Amino acid sequence: MILAAGRGERMRPLTDHTPKPLLPVAGRPLIEHQIARVAGAGFRHVVINHAWLGERIEARLGDGSRWNLAIEYSSEGEALETGGGIHRALPLLSDPFLVINGDIWTDIDYPSLRIAEEDLAYLVMVPNPPHNPGGDFMLDRGRVFDGGEGERLTFSGVGLYRHALFDGCKPGKFPLAPLLCAAMRGDRVGGQCHDGVWIDVGTPERLAQVDRLLAHSSSK
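**Some points on the environment of Ala5**
Here comes step 1: For Ala5, the location among the structural elements is in the loop between β1 (2–3) and β2 (24–25).
Here comes step 2: The spatial distance from the C-alpha of Ala5 to the C-alpha of Gly77 is 9.0 Å, given a sequence separation of 72 residues.

**A look at helix α1 (residues 30–40)**
Here comes step 1: Within α1, eight of the eleven residues are buried, which leaves the element mostly enclosed by the surrounding structure.
Here comes step 2: Every buried residue belonging to α1 is among Leu30, Ile31, Glu32, His33, Gln34, Ile35, Val38 and Ala39, and all of these are buried.
Here comes step 3: Downstream of α1 by a residue or two, Gly42 has a phi angle that is positive, lying close to 105°.

**Topic: the side chain of Asp200**
Here comes step 1: With respect to the element layout, Asp200 can be found in strand β13 (residues 198–200).
Here comes step 2: At a separation of 3.3 Å, a polar atom in the side chain of Asp200 contacts the side chain of His131.
Here comes step 3: Excluding anything up to four places from it in sequence, Asp200 contacts Arg10, Asp103, Ile104, His131 and Arg206.

**As for the pairing of strand β8 (residues 121–126)**
Here comes step 1: In terms of residue burial, β8 counts as a mostly covered element, since six of its six residues are buried.
Here comes step 2: Bridge count between β8 and strand β11 (residues 152–161): five bridges; the pairing is antiparallel. By the bridge assignment, Leu123 is partnered in β11 with Gly159.
Here comes step 3: Sheet topology places β8 next to strand β12 (residues 189–193); five bridges connect them, and they run parallel. Bridge pairing in β12 links Met125 to Cys193.

**What about the side chain of Asn49?**
Here comes step 1: Among the structural elements, Asn49 can be located in strand β4 (residues 45–50).
Here comes step 2: Polar side-chain contacts of Asn49 include one of 2.8 Å to the backbone nitrogen of Ala4.

**Concerning the pattern of salt bridges**
Here comes step 1: Applying the stated criterion across every chain, the model contains nine salt bridges.
Here comes step 2: Taking the shortest distance from any N to any O, the salt bridge between Glu32 and Arg66 comes out at 3.6 Å. Here Glu32, found in helix α1, pairs with Arg66, found in the loop between α2 (54–61) and β5 (70–75); they are 34 residues apart in sequence, far enough to count as distant.
Here comes step 3: Note that Arg206 and Asp200 form a salt bridge whose closest N and O atoms lie 3.7 Å from each other. Take Arg206 and Asp200: they sit in the same class, and that class is buried.

**Here's the deal with unusual backbone geometry**
Here comes step 1: In this chain, Asp95 is followed by Pro96 through a cis amide linkage whose omega measures 5°.
Here comes step 2: By the element assignment, Pro96 lies in the loop between α3 (81–89) and β6 (97–101).
Here comes step 3: One non-glycine residue with positive phi stands out, namely Ala26, at about 55°.
Here comes step 4: For Ala26, a relative accessible area of 44% corresponds to the partly exposed category.
Here comes step 5: Even without glycine at this site, Asn68 takes up a positive phi of about 60°.
Here comes step 6: Within the secondary structure layout, Asn68 lies in the loop between α2 and β5.
Here comes step 7: Classification of Asn68 as exposed rests on a relative accessible area of 53%.

**Here's the deal with α3**
Here comes step 1: Residues of α3 that are buried include every one of Gly83, Gly84, Gly85, Ile86, His87 and Ala89, and no others.
Here comes step 2: Against β1, β4, β5 and β6 lie the buried residues of α3.

**Points about the environment of Leu207**
Here comes step 1: Mapped onto the elements, Leu207 comes out in helix α5 (residues 204–218).
Here comes step 2: Separated by 81 residues in the primary sequence, Leu207 and Val126 place their C-alpha atoms 19 Å from one another.

**A few points about the packing of aromatic side chains**
The geometry of two aromatic rings is summed up by the distance between their centres and the angle between their planes.
Here comes step 1: Counted under the stated rule, the structure contains one aromatic pair.
Here comes step 2: Geometrically, the ring pair formed by Phe97 and Tyr161 is tilted, given 6.0 Å between the ring centres and 50° between the ring planes. Of this pair, Phe97 sits in strand β6 while Tyr161 sits in strand β11, and the two are 64 residues apart along the sequence. The same class applies to Phe97 as to Tyr161, namely buried.

Conventions adopted
- Residues numbered from 1 in each chain as written.
- Predicted model: local features only at pLDDT ≥ 70, side-chain atom pairs only at ≥ 80, totals over all residues.
- Heavy atoms only, no water.
- Helix = DSSP H or I, 4+ residues; strand = E, 2+ residues; numbered from the N terminus.
- Buried < 20%, exposed > 50% of the residue type's maximum accessible area, 1.4 Å probe, protein only.
- Polar contact = N/O pair within 3.5 Å; in protein donor to acceptor, adjacent residues only side chain to side chain.
- Contact = heavy atoms within 4.5 Å.
- Pairing = 2+ DSSP bridges.
- Salt bridge = Lys/Arg side-chain N within 4 Å of Asp/Glu carboxyl O.
- Phe/Tyr/Trp six-rings, centres within 6.5 Å; stacked < 30°, edge-to-face > 60°.

Coordinates in, geometry out; function isn't part of it.
Next up, the structure:
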């Protein structure tokens with residue numbers, strides 16, 4: 001699942017008339033780069049949620065056949081936040097399933113990710129970027145925690161989840177973090193740290209950073 005329902009407030013005015021996933025990077029929409037990477041990793045079914053100007057996302061991406069995969073859409077109307085958006089899309093998703101934030105750029109090796117049978121989630125963490133110096137969660141010997149002493153890392157927006165993580169949830173708007181924290185308290189969240197490329201493409205400046213990165217790579 002690729003999360004694409006955000007309004008992109010920090011990207012305004014770029015997102016006033018264009019949904020954030022369709023903002024161009026190296027000549028094509030950011031989300032198309034992500035779909036190409038997912039397809040190259042062997043995935044053949046992708047679910048994309050959307051809200052703001054979502055019809056433009058569907059019109060641009062179509063059924064996914066050009067990437068040799070199938071795309072299904074979960075239309076939210078009003079954005080349901082991460083937890084609510086995933087919960088709404090559960091009937092379309094395998095168990096477990098991979099979720100990728102629609103506004104990141106990364107070289108994480110998706111097929112290598114594994115979730116333990118007893119876990120509800122598996123999170124990819126990254127070193128803290130300048131805009132999130134305090135981090136999000138702790139990672140210790142492959143386990144992710146919300147409390148305790150030690151350095152926190154930043155959640156990359158890439159994770160594996162089981163449907164059971166959402167047991168008891170009701171349809172509607174709600175965040176994902178409280179569900180993850182509850183699972184962490186039961187020691188049911190695994191994880192790893194990714195030291196490769198990862199950029200949160202949340203501002204025009206970081207969008208330009210990814211554009212420069214790709215321009216540099218293509219010139220080699």
